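Architecture at a glance
Listed here are the chains, written in short residue letters.
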Amino acid sequence: MAHAPLPIAPRRSRNDAHRRLVGVTPRHLFSCSAASSSYSTWAALQGNHYTFGPYLSPFYSPELFGDSPNAVFGPKPGWWPGFLPFSPAILILWAPGGFRFTCYYYRGAYYKAFWADPVACAVGEPRSSYIGERRFPLIIQNIHRYFMYLAVLFLLLLLHDVWKAMWFADANGVEHFGMGLGTLVLAANVTLLSGYTLGCHSLRHMLGGILDRISERPIRRTAYDCSSCLNRYHMQWARLSLVMVAFSDLYVRLCSMGIWHDWRIL
């Protein structure tokens, strides 16, 4: 019986495998994360141009202390150290930032690309043994589940910001229902953040992954299936929400500075 010859792929070296598994996607993601973190840090330290009409930058929500009328507890507190720059974002940005930094998806990126812990399956590590997240500092990553609780709370606050972004004051200060391009930007931001947060591995585990027989809990089974559906695209949600939250701040900032004009739809 005749047999058709099969092409033999060229053998790749160990370094080629390492480069292919580590060098492209993780480093690109880390570069994107580093750029977004740099912008968010810069924007958070500005302390101005974070509101425009009914719009509030997601980097500054909720505004606990600040100069705008939306500040919950009024202006800058007297107990704030004088040698430190003050910005309302400093008080709250650590919570969503911590949730994203300790996310399993982002861990995989900077672990593989920069710490080689681990590099990838069947690829050796530059150490004699695998320690995982059992020792300091990586053991701190287990706090992710607690950041997840805060992230869900922040979603509710951002949803409230979208609702407030639908009410515009006229010349007499009377608020009327409306919709601007900024309303859609803030709505798109909370939509992408919801897809990223509600598909979180920790939330999915809490909803149903912890159960041995989830079929006996129909409500939790439905919630688990919904979270699992979002989790299948966790990488896409993570990337898009990362870009969108920075763009939302940029949109509000440039409108406040008079560089961009907010297009009123309704």
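As a reminder, the structure under discussion sits directly above these lines.
Heads up: these notes are all about the structure in this document. (Residues numbered from 1 in each chain as written. Predicted model: local features only at pLDDT ≥ 70, side-chain atom pairs only at ≥ 80, totals over all residues. Heavy atoms only, no water.)

Things to note about the overall build of the protein
We count it as follows: Put simply, DSSP marks the helices as runs of H or I at least four residues long and the strands as runs of E at least two long, and each gets a number from the N terminus on. Accessibility here uses a 1.4 Å probe with only protein chains present; expressed as a share of the type maximum, an area under 20% marks a residue as buried, one over 50% as exposed, and anything in between as partly exposed. Any pair of residues with heavy atoms lying within 4.5 Å of one another is described as a contacting pair. We get accessible surface area from the Shrake-Rupley algorithm with a probe of 1.4 Å; when it comes to residues, only the shown protein chains can shield them.
When you go through the protein residue by residue, the secondary structure sums to 9 helices and 4 strands. Scanning the protein from its N terminus toward the C terminus, one meets helices and strands in the order α-α-β-β-α-α-α-β-β-α-α-α-α. Evaluated residue by residue, the protein yields a buried proportion of 40% over its 266 residues. Look at the contacts in the protein between residues 6 or more apart in sequence, and 66% of them connect residues 24 or more apart. Of the roughly 16000 Å² of accessible surface on the protein, 65% is carried by carbon and sulfur atoms.

Some remarks on helix 6 (residues 181-198)
Defined as follows: To estimate the expected span of a helix, subtract one from its residue number and multiply by 1.5 Å.
Taking 1.5 Å per residue as the helical rise, helix 6 with its 18 residues ought to reach 26 Å, and the 26 Å between its terminal C-alpha atoms agrees with that figure. When we look at burial in helix 6, the residues that qualify are Gly 182, Thr 183, Val 185, Leu 186, Asn 189, Val 190, Leu 192, Leu 193, Ser 194, Gly 195, Tyr 196 and Thr 197.

So, the pattern of salt bridges
Where we set the bar: Salt bridges are defined by distance alone: a side-chain nitrogen of Lys or Arg within 4 Å of a carboxyl oxygen of Asp or Glu.
Throughout the structure, instances matching the rule amount to 3 salt bridges. Put simply, Arg 221 and Asp 225 hold a salt bridge, and the shortest N to O gap is 3.1 Å. Of this pair, Arg 221 and Asp 225 both sit in helix 8 (residues 218-231), 4 residues apart, which is roughly one turn of the helix. Classification of Arg 221 as partly exposed rests on a relative accessible area of 36%. For the salt bridge of Arg 253 with Asp 249, the shortest nitrogen-to-oxygen distance reads 3.3 Å. Note that Arg 253 and Asp 249 are positioned in helix 9 (residues 234-256) at a spacing of 4 residues, about one turn of the helix. Per residue, the accessibility class of Arg 253 equals that of Asp 249, and both read buried.

Details of the packing of aromatic side chains
We apply this condition: Working definition: a ring pair exists when centres of Phe, Tyr or Trp rings (six-membered ring for Trp) sit within 6.5 Å. Plane angles under 30 degrees give stacked, over 60 give edge-to-face, the rest tilted.
All told, the structure shown has 18 aromatic pairs when counted by the stated rule. Ring centres of Tyr 39 and Phe 59 lie 6.3 Å apart, and the angle between their planes is 50 degrees; on these two criteria the pair is classed as tilted. One end of the pair, Tyr 39, is in helix 2 (residues 25-46); the other, Phe 59, is in the loop between strand 2 (55-56) and helix 3 (94-101), with 20 residues separating them in the sequence. Ring pairs connect the aromatic residues Phe 65, Phe 73, Trp 79, Trp 80 and Phe 86, which therefore count as one cluster.

Description of the side chain of Ser 36
Within the element layout of this structure, Ser 36 appears in helix 2. If sequence neighbours within four positions are ignored, Ser 36 has contacts with Leu 242 and Ala 246.

A short note on helix 9
The end-to-end C-alpha separation of helix 9 is 33 Å, in line with the 33 Å expected for 23 residues at 1.5 Å each. Just downstream of helix 9 lies Gly 258, where phi reads positive at about 80 degrees.

Remarks on the nonpolar core
Test applied: By nonpolar core we mean a set of buried residues, namely Ala, Val, Leu, Ile, Met, Phe, Trp, Tyr and Cys, connected to one another through side-chain atoms within 4.5 Å.
Of all hydrophobic cores here, the largest spans 16 residues; its most connected members are Tyr 55, Val 162, Leu 186, Val 190 and Tyr 251. Breaking this core down by element, the ones donating at least two residues are helix 5 (144-164), helix 6 and helix 9. Here the element with the most residues in this core is helix 6; it accounts for 5 residues. If sequence neighbours within four positions are ignored, Tyr 55 has contacts with Tyr 50, Ala 165, Phe 168, Gly 180, Leu 181, Gly 182, Thr 183, Leu 186, Tyr 251, Val 252 and Asp 262. Core analysis: the next-biggest nonpolar cluster, separate from the first, contains 13 residues, Cys 103, Tyr 110, Met 148 and Ala 151 among them.

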